[in-house]
Amino acid sequence: MKRWMWMTLAAVLVIGAGVTLVALPKGQEWTTSSPEALAEFELAMEAQRKLYGEDVQRHVKNAVELDPDFVMARLMSVNAAIKEDEERGKAYWDEVLATDTSKLTPRERYFIERSLAYREERPEDIPKLMDEFLAKYPNDPYVLRQKGDRAWTRDELEEAERLFRQLAETNPCLLYTSDA
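Residues numbered from 1 in each chain as written. Predicted model: local features only at pLDDT ≥ 70, side-chain atom pairs only at ≥ 80, totals over all residues. Heavy atoms only, no water.

A. The confidence of the model for the protein, seen in detail. Averaged over every residue, the pLDDT of the protein is 79; residues scoring 70 or more account for 78%. Looking over the protein, one finds the lowest element-wise mean pLDDT in helix 1 (residues 2–23), namely 37, and the highest in helix 7 (residues 126–136), namely 95. (pLDDT = per-residue confidence, 0-100. Helix = DSSP H or I, 4+ residues; strand = E, 2+ residues; numbered from the N terminus.)

See below:
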């Protein structure tokens, strides 16, 4: 009787742990406290994949207005701001660089480091940053997409194909740049 009771208790604990793990929310992809700002940011990213520049600017502006502390929206708005007003763009950069990155996701820290490398005219550091990030997070769809695009533009077609196949397995939505 005791054995049956212990086996039942163990089974309940295992099932409970499994249900808990499945029910727990996935890690947050982007650091913002505003669901509305997040929705605008996601629309901006989608517009960027489709090469809809005006829509990118509109959605990212809305995201920043809804959550001024949304670092990734602020980072995305830097380029648009620099085109319109160089001083404002520099101010946005200063705000991004003043951010406590320890509160951000690893992906967000990667994007800030990558942008900083471009800003400091260190493009040779970009592949190293990508490789280091993907060594820790091999299926991150955003960085896989970047690395695949980079391989494609460098005519490294076998590597591009490998990366895009991996992306197709992990997040096929990021493969497409049009409504088709």
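B. Seen up close, the nonpolar core. In terms of nonpolar packing, the biggest core is built from 37 residues, with Trp 30, Phe 41 and Phe 70 touching the most fellow members. At the level of elements, helix 2 (35–49), helix 3 (53–66), helix 4 (71–84), helix 5 (86–97), helix 6 (106–119), helix 7, helix 8 (141–153) and helix 9 (157–170) are the ones that each hand at least two residues to this core. For Trp 30, the residues in contact, after removing those within four places along its chain, are Leu 38, Phe 41, Met 45, Phe 70, Met 72, Arg 107, Glu 108, Phe 111 and Tyr 142. (Core = buried A, V, L, I, M, F, W, Y, C linked by side-chain atoms within 4.5 Å. Buried < 20%, exposed > 50% of the residue type's maximum accessible area, 1.4 Å probe, protein only. Contact = heavy atoms within 4.5 Å.)

C. Up close: helix 6. The end-to-end C-alpha distance of helix 6, which contains 14 residues, comes to 20 Å, matching closely the 20 Å that a straight helix rising 1.5 Å per residue would cover. For helix 6, the set of buried residues is Arg 107, Glu 108, Tyr 110, Phe 111, Ile 112, Arg 114, Ser 115 and Ala 117. Following helix 6 by one or two positions, Glu 121 adopts a phi angle in the positive range, close to 55°. (Expected span 1.5 Å × (residues − 1).)

D. Summary view of the environment of Leu 75. In this structure, Leu 75 sits in helix 4. When sequence neighbours within four positions are dropped, the list of residues in contact with Leu 75 reads Trp 93, Val 96, Phe 111, Ile 112 and Ser 115.

E. Structural detail: the packing of aromatic side chains. Under the defined criterion, the tally for this structure stands at seven aromatic pairs. An angle of 70° between the planes, with centres 5.3 Å apart, marks the rings of Trp 30 and Tyr 142 as edge-to-face. On the criterion of sequence distance, the pair formed by Trp 30 in the loop between helix 1 and helix 2 and Tyr 142 in helix 8 is long-range, its members being 112 residues apart. Both residues of the pair, Trp 30 and Tyr 142, belong to the buried class. Their ring planes at 35° and their centres at 4.9 Å tell us that Phe 133 and Tyr 137 sit as a pair that is tilted. Using a relative accessible area of 7% as the deciding quantity, one classes Phe 133 as buried. An aromatic cluster is built from Trp 30, Phe 41, Phe 70, Tyr 110, Phe 111, Phe 133, Tyr 137 and Tyr 142, whose rings are joined through pairwise contacts. A cation over an aromatic ring shows up here: Arg 74 above the ring of Tyr 92, its NZ or CZ 4.6 Å from the ring centre. Its end group placed over the ring of Trp 30, Arg 107 keeps NZ or CZ at 4.9 Å from the ring centre. (Phe/Tyr/Trp six-rings, centres within 6.5 Å; stacked < 30°, edge-to-face > 60°. Lys NZ or Arg CZ within 6 Å of the ring centre and 35° of its normal.)

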